[in-house]
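Okay, here's what each chain looks like letter by letter:
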Amino acid sequence: MNRIACLGGIYSNYLALEVALRDARRRGVDAIYCLGDMGAFGPHPDRVFPLLNEYNVVCLQGNYDDSIGNALDNCQCGYTDPRDNYFAQLSYDYTLAHTSECNRRLLRDLPRSLRVELGPLRVLLCHGSPRKVNEFVWESTSSTHFLDVLARQRGVDVVACTHTGIKWHRPLGEGRHWVNVGALGRPENDGSTDVWYSLLEYSAADGFRAEFVPVTYNYERLAQEMREQSLPEEFVETILTGWWTTCLEILPAMERRRGKY
Amino acid sequence: MSGANVSGPNSNRSEESAAPLVPLSHLDELWFQVAGTRCNLTCNHCFISCSPHNDSFGFLSLDEVARRLEESVPLGVKEYYFTGGEPFLNLEMVDILVLTLRYGPATVLTNGTVLKDAWLERLASAETESPYSLEMRVSIDGFSPETNDPIRGEGTFDRAMRGVHMLVRYGFLPIITAARTWPIERDREVIESFVRVLRSAGYDRPRLKILPTLQIGAEECRTRGYQPDERITPEMMNGYDVSQLVCEHSRIVTDRGVHVCPILIESPDSLLGATLEESQVPFGVRHGACFTCYQFGALCSNYSTTPPSPGSRQIAHGGNRSHEESRR
């Protein structure tokens, strides 16, 4: 393989998922990987699964998938702010109630990580970090030597993850790379309604390359369906404006400052 | 998922040896006792009794911090934290933070009462040029002079709020850190009051971290010390997410060497070695403060702390600490 698509944090946004998958197929990628968190936030969680199946997407288990698959009490995001927890729980209870037993079984059995080869490069795909499914690895709170040690300890050239909901890429030492592939489920707190997935490529001429692909989709329809499902207006606002309104507690200063709230 | 990395008690069954041993899984957070125990305030709940006259720990110089930053690189330290005492009593503090931001993210724990415009201007500029966050944590223990000043000293609420205002003016989003000197059942009401007061003072998206009090140092006199049964037992480690404990992922540099965590520096057994490498040994969590750390988790990092809820899997914010990859 020389070119793969990586996506994650779908959060039930089947409309954006369909656009992203069609785009990735059009670009002729060798494989498509989903790094976890199929449900949450959006409406009709079961609607993502036929798409993942149709496009032969290889899926990993995120913390949300572990929770829904095993019917745990909460999403394991670890929020402590009462307001964040309130909204996270509303979203979790809705998603659990609307995910079929068949799809929950599927989520239960997904692997936590996967090693693939991209040209000569060894790539580790995971959800939060190679060491923990719900670890928030933020761009502004992770030193380069920390990321490099994690990659070296696992003997890989590239680590690709998601979980935080904001894409980023940092070259490490000796040709190693760390990539957060972004999230399809909600905009990344930048005032744009687009969401993102990533193309990871290797070529002899350029070596490793990560390209972030914006996904423009019918966000008004998603917002309407969220309202029809009585999901919180705060979530709908994020879809319509591109600004995060909840789960802000976890953002480090630099990422928080870029947002509106 | 947890507990697997925790050694059981030694075979010698004294109370001392029964303390579970907690290995350092990875040095995520490196702390610096950068102002020693010197502080311009004398808070009556301070767990290391800092004051203008407490010199039991000395300042760290820029050169010393630079040496430790270099030492931390091959160990893959993720974030750097600076505490005291009051860090900004150290005249090299701004230089220290500017240098640190070339290595990684930095957090400084300040009482907010001695900040200067020139310092904040330089720090804001250093953060803008860095890929890393500079977090400013400001200690305020009540949302009014009436609730804060009896603990931190006369006039400290107004002075700290002026500090918050300055930080906001320079573009920082300070994390207001309050020790829970009220009953835990009142958390919501107190947090709401904090948010209201901070907003009305011009901080429109306040961030808060609530800490439990630690029954050592000055707090032992203000309220009470730990009871003998307030200790972590080996049985308590079964099923517990050990990554909640500070000693599992942190160490702190003082002018005496490298200690296990910022809370226990006054305990002789906390000094683990002269180098970061030497300090990477397991620690027996035998102290009363370890019990508080166990109860509340993530005590010292920038996230807020509430007791882990029963019925949910305990996987915390920061780290490994079990090997995710090897699970499947």
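Reading the values: the criteria
Residues numbered from 1 in each chain as written. Chains lettered and ligands numbered in written order. Predicted model: local features only at pLDDT ≥ 70, side-chain atom pairs only at ≥ 80, totals over all residues. Heavy atoms only, no water. Pairing = 2+ DSSP bridges. Helix = DSSP H or I, 4+ residues; strand = E, 2+ residues; numbered from the N terminus. Phe/Tyr/Trp six-rings, centres within 6.5 Å; stacked < 30°, edge-to-face > 60°. Buried < 20%, exposed > 50% of the residue type's maximum accessible area, 1.4 Å probe, protein only. Lys NZ or Arg CZ within 6 Å of the ring centre and 35° of its normal. Core = buried A, V, L, I, M, F, W, Y, C linked by side-chain atoms within 4.5 Å. Contact = heavy atoms within 4.5 Å. Right-handed = clockwise from strand over helix to strand, strands pointing away.

1. A word on the sheet that holds strand 1 (residues 3-7) of chain A
Residue and element names in this part refer to chain A.
For step 1, the next point in the chain: Pairing in this open sheet of five strands is mixed, and the strands run 3-2-1-9-10 from one edge to the other. Unpaired on one side and paired on the other, strand 3 (58-59) and strand 10 (207-215) mark the two borders of the sheet.
For step 2, the next point in the chain: With four bridges joining them, strand 1 and strand 9 (residues 195-203) adopt antiparallel strand pairing. The residue bridging R3 from the neighbouring strand is E201, located in strand 9.

2. Details of the packing of aromatic side chains
For step 1, the next point in the chain: For the structure shown, the criterion picks out 11 aromatic pairs over all chains.
For step 2, the next point in the chain: Relative to Y92 of chain A, the ring of Y64 of chain A lies with its centre 5.6 Å away and its plane at 65 degrees, an arrangement referred to as edge-to-face. Highlighted residues: Y64 of chain A in helix 3 (residues 63-69) and Y92 of chain A in helix 4 (residues 82-97), separated in sequence by 28 residues. Here Y64 of chain A and Y92 of chain A have matching classes, each one buried.
For step 3, the next point in the chain: Look at F143 of chain B and F194 of chain B: their rings are 6.1 Å apart centre to centre, the planes differ by 85 degrees, and that puts the pair in the edge-to-face class. In this pair, F143 of chain B is assigned in the loop between strand 5 (134-139) and helix 4 (145-152) and F194 of chain B in helix 6 (residues 187-200), connecting sequence segments 51 residues apart. Of the two residues examined, F143 of chain B and F194 of chain B, each falls in the buried class.
For step 4, the next point in the chain: Taken together through their ring pairs, the aromatic side chains of F41, Y86, F87 and F235 of chain A make up a single cluster.
For step 5, the next point in the chain: Here the basic side chain of R186 of chain A rests over the ring of F41 of chain A, its NZ or CZ set 5.6 Å away from the ring centre.
For step 6, the next point in the chain: Here R256 of chain B stacks its cationic end above the ring of F57 of chain B, 3.7 Å away from the centre of that ring.

3. Quick word on unusual backbone geometry
For step 1, the next point in the chain: Note the cis peptide between G84 of chain B and G85 of chain B, where omega equals 15 degrees.
For step 2, the next point in the chain: A positive phi angle is found at H163 of chain A, which is not glycine, with a value near 75 degrees.
For step 3, the next point in the chain: Mapped onto the fold, H163 of chain A is located in the loop between strand 6 (158-161) and strand 7 (168-171).
For step 4, the next point in the chain: The residue N189 of chain A is not glycine, and still its phi comes out positive at about 65 degrees.
For step 5, the next point in the chain: Examined against the element boundaries, N189 of chain A turns out to sit in the loop between strand 8 (177-180) and strand 9.

4. Focus on the environment of A298 of chain B
For step 1, the next point in the chain: Among the structural elements, A298 of chain B can be located in the segment after helix 8 (288-296).
For step 2, the next point in the chain: A sequence separation of 260 residues divides A298 of chain B from R38 of chain B, and the C-alpha atoms of the two residues are 25 Å apart.

5. Some remarks on the nonpolar core
For step 1, the next point in the chain: Core analysis: the biggest nonpolar cluster contains 56 residues, and F32, F82, F88, L123 and F194 of chain B have the highest contact counts within it.
For step 2, the next point in the chain: Sequence-distant contacts of F82 of chain B, defined by excluding residues within four places in its chain, comprise F32, V34, V65, P87, M93, I96, L97, T100, A106, T107, V108 and L109 of chain B.
For step 3, the next point in the chain: I32, L110, V215 and Y217 of chain A belong to the second largest nonpolar core, which has 50 residues in total.

6. Some remarks on the pairing of strand 6 (residues 175-179) of chain B
Residues and elements named next belong to chain B.
For step 1, the next point in the chain: A large share of strand 6 lies buried, amounting to five of its five residues.
For step 2, the next point in the chain: Taking every second residue as pointing to the same face, both faces of strand 6 are buried, with I175, T177 and A179 on one and I176 and A178 on the other.
For step 3, the next point in the chain: Where strand 5 and strand 6 come together, three bridges link them in parallel fashion. In the strand pairing of strand 6, R137 is matched with I175.
For step 4, the next point in the chain: Sheet analysis places strand 6 next to strand 7 (residues 207-211), joined by five bridges and oriented parallel. Looking at strand 7, one finds that I175 is bridged to R207.
For step 5, the next point in the chain: Where the polypeptide runs from strand 6 across helix 6 and back to strand 7, its parallel neighbour, the crossover connection is right-handed.

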